[in-house]
Every structure is written in C-alpha cells, then in structure tokens.
Amino acid sequence: MSTPHFILTIRCQDAVGIVAAVASALAAADAFITESSHYGDEETGLFFMRTVFRPTGAHFQSRDDFLTALAPVRQRFGMDLNLHRRDRRMKVLIAVSKPGHCLNHLLHQWQSGELPIDVVGVLSNHRDHQRLTEWYGIPFHFLPMGADKPEQEAALFAVFEQTGAELLVLARYMQVLSDDLCQKLAGRAINIHHSFLPSFKGAKPYHQAHARGVKVVGATAHYVTKDLDEGPIIEQETERVAHNQSAQTLARIGKDIESVVLTRAVRWHAEHRVMLNGLRTVVFY
Ligand SMILES: Nc1nc2c(c(=O)[nH]1)N[C@@H](CN(C=O)c1ccc(C(=O)N[C@@H](CCC(=O)O)C(=O)O)cc1)CN2
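Reference entry: report on the structure contained in this document. (Residues numbered from 1 in each chain as written. Predicted model: local features only at pLDDT ≥ 70, side-chain atom pairs only at ≥ 80, totals over all residues. Heavy atoms only, no water.)

### Here's the deal with helix α8 (residues 247-270)
Along an α-helix, a turn takes 3.6 residues, which lines up residues three or four apart on a common side.
Now for step 1: Taking 1.5 Å per residue, 24 residues should reach 34 Å; α8 reaches 34 Å between its end C-alpha atoms and fits that length.
Now for step 2: At G254, α8 shows its largest bend, some 25°.
Now for step 3: Just beyond α8, the residue with positive phi is H272, at close to 55°. (Helix = DSSP H or I, 4+ residues; strand = E, 2+ residues; numbered from the N terminus. Expected span 1.5 Å × (residues − 1). Bend = angle between axes of the 7 residues up to and from the residue.)

Next up, the structure:
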C-alpha cells in the first residue's frame, strides 16, 4: 500500500521565521516534503502556506501524529492550521436549476476520475436533470421554490447536512441564497456566474454584454456571499466574440467557459489549494 500524502494548509498573521519553523517541525517528524507554496500579503499582513508531505519515519505516521508535531508551531504563530489526507475525497452536493451544462460537465469529470470528490447528491428546484442524475447513480433531491423561501432553504440545508456534504456547488442554480444560509455555508459554497465579473452582475449577463458590444465574454467561479455575485473570486476565463454574434451565440460560447471554470474551481477547492484572504482568495496552483 502506498504511503499516504498529507496536505497542510496554514493561514496566520505574517511574521519572520514561519516557513523555517514549519519546515523544521516537519523535518523533526521525518516528513518528506514533496510540494510547498507560501505567500505573504503585505496589504492584509496575512501569511498563507500549502505544503504536501509524506511520512518516512516509524514514529510519525497518522494525521494526529503530525498535528501533535505541529502543535508548538501552531501555537507560537496563532495559526489557522488544517491537515488533510491527500487521498480523501471531499463530499460535494450540487445544486442546479434549468441550465444543465455545468452539472453535466461536473458529473462526467467526476465519473472519469478527474475530480478528487464524491458527489453525494444533486438538488434542484426543477426536475429537468433528475434522469441524468439518477443515471449516474446519484440521489436527486427535488426542492421546488414555493411561496415559503425559508422553508425551501431549510430543506436545502437539511440535505447538505444529512448527506455529510462539505461543499455546495451552485452549478447554475438560479435562486439567490439568503444571508442566513450564506452564513451557515461560509467558505463551503461555490457559484458559477456567467460573466467576467465585476462586469454584468445579476440576471441575463449575456444580454447585458451583447448590448454593451463587448469583444470578450467570460465566466467567474466565486465563493457565495450574501451580496449577489460579490463573493471572493476563485477562477475566471474569457473568450473573444465578434460584432455579428447574437446574445444567444454569446450564451452558447459562454456555456463551455462556465463548465470549465466551475470544474477547475471545484478541483482546486477540493485539493485545498484555495484560501480566503478577506474579499479575495489566494490560489496555490
Ligand atoms: N447569496 C447568493 N446567492 C446566489 C448567488 C450569489 O452570488 N449569492 N449567485 C447566484 C447565481 N446567479 C448568478 O451567478 C444568479 C442567480 C439568480 C439570479 C436572480 O435574479 N434570480 C431570481 C429568480 C430567477 C428565477 O427564478 O429563475 C431571484 O432570485 O429573484 C441572479 C443571479 C445563485 N445564488
């Protein structure tokens, strides 16, 4: 059986000696570092680090062993420190409305082993994608938007909790989540917006873009906050468009970009490569 690798992520106030202290603690625990990235943001004064390592010694093998070895450094610098087995797959719940292209792409990538996740369910306020979801052998949860939005959202959060989900992916889910639900899911919900933010927030961004006469369209994956389309950006991509292309054609071009951008963002989040830095993110590619 191959030796498990661990992913260590750290966020704390920046200071002299953090990298040396972490590397020394890992060396003292016979940890072999295979990958390491760090960044200090001079504006926010925050330090970020992602290190991948594997055990080589007899005394330090388990996650708890290494958490114990890192405890003094964690305390010295007041770190927000997390340690994950690299072979553990994140549990993901996907929400979708009528546009199904992002869901389809995610499910194909997952089934093809291209994403380090387990899809624990798909939920929707429409039944359009129930057959596709069940074809993949995934539970489908129909949560229609009745008159009582808090009730629908309570049912949504109940599915999130009951499935053991660790991430909610809004794969063109066209309902605005309430402040209360956003707080409960802070840092655990990713949305795909079908424009190159901050341009063209809200509904019908391709019509807005066409009317503005843009030469480039794009898509943005971001963490979900109460402020619509304002959450910390994880990934963006663009493609050139031309004067003779309609809003419908822009939307068709955009579908492929949205699918790729959302899948990248989910992969990077599941690989613990994305860290929140206020209203921004740090992404260790
Ligand atoms: N709290 C948040 N919730 C959601 C966000 C977000 O950023 N914060 N993003 C949306 C997705 N989205 C754009 O990317 C978006 C979805 C829906 C709407 C909208 O105006 N919806 C209408 C209803 C539309 C319908 O029923 O078809 C509404 O909610 O009144 C704008 C942008 C997902 N949720």
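### What about the nonpolar core?
Now for step 1: Of all hydrophobic cores here, the largest spans 42 residues; its most connected members are I94, L106, L107, I117, V169, I190 and L262.
Now for step 2: When contributions to this core are tallied by element, the ones reaching two or more residues are β5 (90-96), α3 (101-111), β6 (117-124), β8 (167-170), β9 (189-193), α7 (205-212), β10 (216-223) and α8.
Now for step 3: Here this core takes nine residues from α8, the largest share from any one element.
Now for step 4: If sequence neighbours within four positions are ignored, I190 has contacts with L167, L168, V169, L170, A221, H222, Y223, V224, I234, L262, A265 and H269.
Now for step 5: Counting residues in hydrophobic clusters, the runner-up holds 23 residues, among them C12, F47, L70 and V73. (Core = buried A, V, L, I, M, F, W, Y, C linked by side-chain atoms within 4.5 Å. Buried < 20%, exposed > 50% of the residue type's maximum accessible area, 1.4 Å probe, protein only. Contact = heavy atoms within 4.5 Å.)

### With respect to the environment of L123
Now for step 1: With respect to the helices and strands, the residue L123 is situated in strand β6.
Now for step 2: In this structure the C-alpha to C-alpha distance between L123 and P139, which are 16 residues apart in sequence, comes to 8.5 Å.
Now for step 3: The contacts of L123, once residues within four sequence positions are left out, are L93, I94, A95, V96, H141, L143, L156 and Y173.

### Notes on the packing of aromatic side chains
Now for step 1: Using the criterion set out here, one finds nine aromatic pairs in the structure.
Now for step 2: Relative to F53, the ring of F6 has its centre 5.6 Å away and its plane inclined at 25°; by these criteria the two rings are stacked. Residue F6 is located in strand β1 (residues 6-13), and its partner F53 is located in strand β3 (residues 46-55); the two are separated by 47 residues in the primary sequence.
Now for step 3: Ring plane angle 15° and centroid distance 6.0 Å describe the contact between F157 and F160, whose orientation is recorded as stacked. Linking F157 with F160, this pair stays in helix α5 (residues 149-162), spanning three residues, or about one helical turn. Taken as a pair, F157 and F160 share a single burial class, namely buried.
Now for step 4: In this structure an aromatic cluster arises from ring pairing among F6, F53, F60 and F66. (Phe/Tyr/Trp six-rings, centres within 6.5 Å; stacked < 30°, edge-to-face > 60°.)

### Description of the pattern of salt bridges
Now for step 1: Within the structure shown, the criterion is met by 16 salt bridges.
Now for step 2: Across the pair E35 and R50 runs a salt bridge whose closest N-O atoms are separated by 3.1 Å. Here E35, found in strand β2 (residues 31-41), pairs with R50, found in strand β3; they are 15 residues apart in sequence, far enough to count as distant.
Now for step 3: When its relative accessible area of 29% is taken as the criterion, E35 is described as partly exposed.
Now for step 4: In this structure, E258 and R172 form a salt bridge, with 2.8 Å as the shortest nitrogen-oxygen distance. Taken together, the residues E258 in helix α8 and R172 in the loop between β8 and α6 (179-184) connect sequence positions 86 residues apart. With respect to class, E258 is no different from R172; both count as buried.
Now for step 5: Connected through salt bridges with shared partners, the residues E35, R50, E271 and R273 form a single ionic network. (Salt bridge = Lys/Arg side-chain N within 4 Å of Asp/Glu carboxyl O.)

### Some remarks on the packing of α3 against α8
Packed helices, taken two at a time, are described by the angle between their axes plus the distance between the axes.
Now for step 1: One way to put it is that α3 packs onto α8 with a least axis distance of 9 Å and a crossing angle of 45°. Here α3 lies oblique to α8, going by the angle between them. Note that α3 runs across α8; the crossing there is right-handed. Of the residues in α8, those touching α3 at H101, C102, H105, L106 and Q109 are K255, E258, S259, V260, L262, T263, V266 and R267.
Now for step 2: Of the residues in the contact of α3 with α8, the class split is five nonpolar, five polar and three charged. (Axes fitted to C-alpha atoms, helices over the stretch in contact; angles between N-to-C directions. Parallel < 35°, antiparallel > 145°, perpendicular 65-115°, else oblique. Left-handed = near helix turned anticlockwise from the far one by under 90°. Nonpolar A, V, L, I, M, F, W, Y, C, P; charged D, E, K, R; others polar.)

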